[in-house]
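Overview (structure and organization)
Next come the chains, spelled out residue by residue.
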Amino acid sequence: MARDLKSLLVTDNGPVRSIQLNSPENGNLLSELMLDELLAVLNAADDDPAIRVLVLSGAGGNFCVGADRGELISLLAEDPSGTSLRTVAVKGRRVCDALASTELVTIARLHGSVIGAGLALAVFCDLRVGTDECRFWLPEVEFGTPPAWGGALPRLINEVGAARVRELILVGDRFDAATAHELSILHKVVPGRELDEAVARWTEPLARRPSAALRTAKLMLNGYAAAPRLADGAHFDADLLASAMTRHELTQQR
């Protein structure tokens with residue numbers, strides 16, 4: 001089964017559903033349209049008992065170069081209160097929540113640039129494999145905004161560790177696939193020609209696992225990972241992003 005959407009390409013191969021970000025002309029920027037379509041596809045996946053694994057990838061030369069900042073700035077110009085911008089940010093959080101909470105095993109297939117909100121999508125996947133040419137970057141502070149997109153900050157701290165995430169965000173250095181592997185952002189690094197084979201080495205055994213055991217294992221892993229966090233401040237991400245961008249744009253206009 002295949003579906004052609006405006007910003008995504010969704011295909012099924014037995015129990016594996018592949019979701020490809022499909023705006024290669026702009027590096028697969030996460031627009032409001034793409035977020036809407038991602039949320040719809042992710043929510044529908046849990047309703048299909050035949051699907052056990054989701055693979056998230058990007059068309060063209062990059063996985064995803066981040067949120068569509070131009071769209072966000074335009075929304076802010078049209079609505080200086082920041083309400084419209086906040087609405088888009090909430091959609092980003094819902095997409096990341098859907099990736100985290102789905103009972104299906106999610107795999108990020110990464111290549112090219114993985115930047116900002118694109119990195120957020122990746123870290124919310126259960127398993128992540130990238131080519132040895134992948135490049136990563138968290139540029140939010142450099143662009144005048146806090147790292148407040150999709151609830152990525154607590155997820156990164158949980159997956160990577162607070163000290164290293166502090167450096168990545170405050171200094172803002174770009175980093176390569178080898179560093180991403182060292183940080184546990186990537187589980188595997190492979191040459192580009194072996195990327196699909198590496199994904200298949202995960203999907204094939206996962207597809208054979210008893211469905212109930214697989215889903216329960218993921219629920220347990222999510223539960224134990226969340227246990228140390230007394231509170232999740234990422235619920236304020238949308239408000240923080242809207243507020244910070246509003247202040248930044250007002251300052252730039254002076």
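In this report, we go over the structure that sits alongside the text. Just so it is clear, the structure is predicted and the values come from calculations on it, not from any experiment.

Regarding the environment of Leu85
- Inspection of the secondary structure assignment puts Leu85 in helix 3 (residues 83–101).
- Considering only alpha carbons, one finds Leu85 and Ile73, twelve residues apart in sequence, at a separation of 8.2 Å.

Here we look at the nonpolar core
- Leu38, Phe136 and Ile185 are the most contacted members of the largest nonpolar core, which has 55 residues in total.
- Formed by 13 residues, the second largest nonpolar core is a distinct cluster that contains Val16, Val190, Leu206 and Leu214.

Thoughts on the pairing of strand 4 (residues 53–58)
- The buried count for strand 4 comes to six of six residues, which makes it a mostly enclosed element.
- Direction of pairing for strand 3 (residues 16–21) relative to strand 4: parallel, over a ladder of six bridges. Across the sheet, Gln20 pairs through a bridge with Ser57, a residue of strand 4.
- Read from strand 3 through helix 1 (residues 32–45) to strand 4, the crossover connection turns out right-handed.
- Across four bridges, strand 4 lies against strand 5 (residues 105–110) in parallel orientation. Bridge pairing in strand 5 links Val55 to Ile107.

With respect to the packing of helix 1 against helix 3
- At a closest axis distance of 9 Å, the pairing of helix 1 and helix 3 adopts a crossing angle of 30°. Taken together, the axes of helix 1 and helix 3 are roughly parallel relative to one another. Every pair of crossing elements has a handedness; the one defined by helix 1 and helix 3 is left-handed. When helix 1 is examined against helix 3, the residues Glu32, Leu35, Asp36, Leu38, Leu39, Leu42 and Asn43 are found in contact with a partner set consisting of Val88, Lys91, Gly92, Arg94, Val95, Ala98 and Leu99.
- When the residues that make up the contact of helix 1 with helix 3 are grouped by side-chain class, the tally is eight nonpolar, two polar and four charged.

A closer look at the packing of aromatic side chains
- Scanning all chains against the criterion turns up two aromatic pairs.
- Between Phe136 and Phe175, the ring centres sit 5.3 Å apart and the planes meet at 15°, which makes this aromatic pair stacked. Taken together, the residues Phe136 in strand 8 (residues 135–137) and Phe175 in strand 9 (residues 175–176) connect sequence positions 39 residues apart. Assigned by exposure class, Phe136 and Phe175 land together as buried.
- Both rings, one in Trp137 and one in Phe143, keep their centres 5.9 Å apart while their planes meet at 75°; by these two values the pair is edge-to-face.

Description of the sheet that holds strand 9
- One open sheet holds the three strands; their spatial order is 6-8-9, and the pairing between them is mixed. What marks the edges here is a single partner per strand, and that holds for strand 6 (113–115) and strand 9.
- Note that strand 6 and strand 8 share three bridges and pair parallel. By the bridge assignment for strand 8, Val114 is matched with Phe136.

Section: the pattern of salt bridges
- Per the stated rule, a full pass over the model turns up twelve salt bridges.
- Glu182 serves as the salt-bridge partner of Arg164, at 3.3 Å between the closest nitrogen and oxygen. Residue Arg164 is located in helix 6 (residues 162–170), and its partner Glu182 is located in helix 7 (residues 177–182); the two are separated by 18 residues in the primary sequence.
- With relative accessibility at 54%, the residue Glu182 sits in the exposed group.
- Where Glu197 meets Arg201, a salt bridge forms, and the shortest distance between an N and an O atom there is 3.1 Å. You can see Glu197 and its partner Arg201 sitting in helix 8 (residues 195–208), four residues apart, about one turn around the helix.
- Taking relative accessible area as the criterion, Glu197 reaches 46% and is therefore assigned partly exposed.

Analysis parameters
- Residues numbered from 1 in each chain as written.
- Predicted model: local features only at pLDDT ≥ 70, side-chain atom pairs only at ≥ 80, totals over all residues.
- Heavy atoms only, no water.
- Helix = DSSP H or I, 4+ residues; strand = E, 2+ residues; numbered from the N terminus.
- Core = buried A, V, L, I, M, F, W, Y, C linked by side-chain atoms within 4.5 Å.
- Buried < 20%, exposed > 50% of the residue type's maximum accessible area, 1.4 Å probe, protein only.
- Pairing = 2+ DSSP bridges.
- Right-handed = clockwise from strand over helix to strand, strands pointing away.
- Axes fitted to C-alpha atoms, helices over the stretch in contact; angles between N-to-C directions.
- Parallel < 35°, antiparallel > 145°, perpendicular 65-115°, else oblique.
- Left-handed = near helix turned anticlockwise from the far one by under 90°.
- Contact = heavy atoms within 4.5 Å.
- Nonpolar A, V, L, I, M, F, W, Y, C, P; charged D, E, K, R; others polar.
- Phe/Tyr/Trp six-rings, centres within 6.5 Å; stacked < 30°, edge-to-face > 60°.
- Salt bridge = Lys/Arg side-chain N within 4 Å of Asp/Glu carboxyl O.

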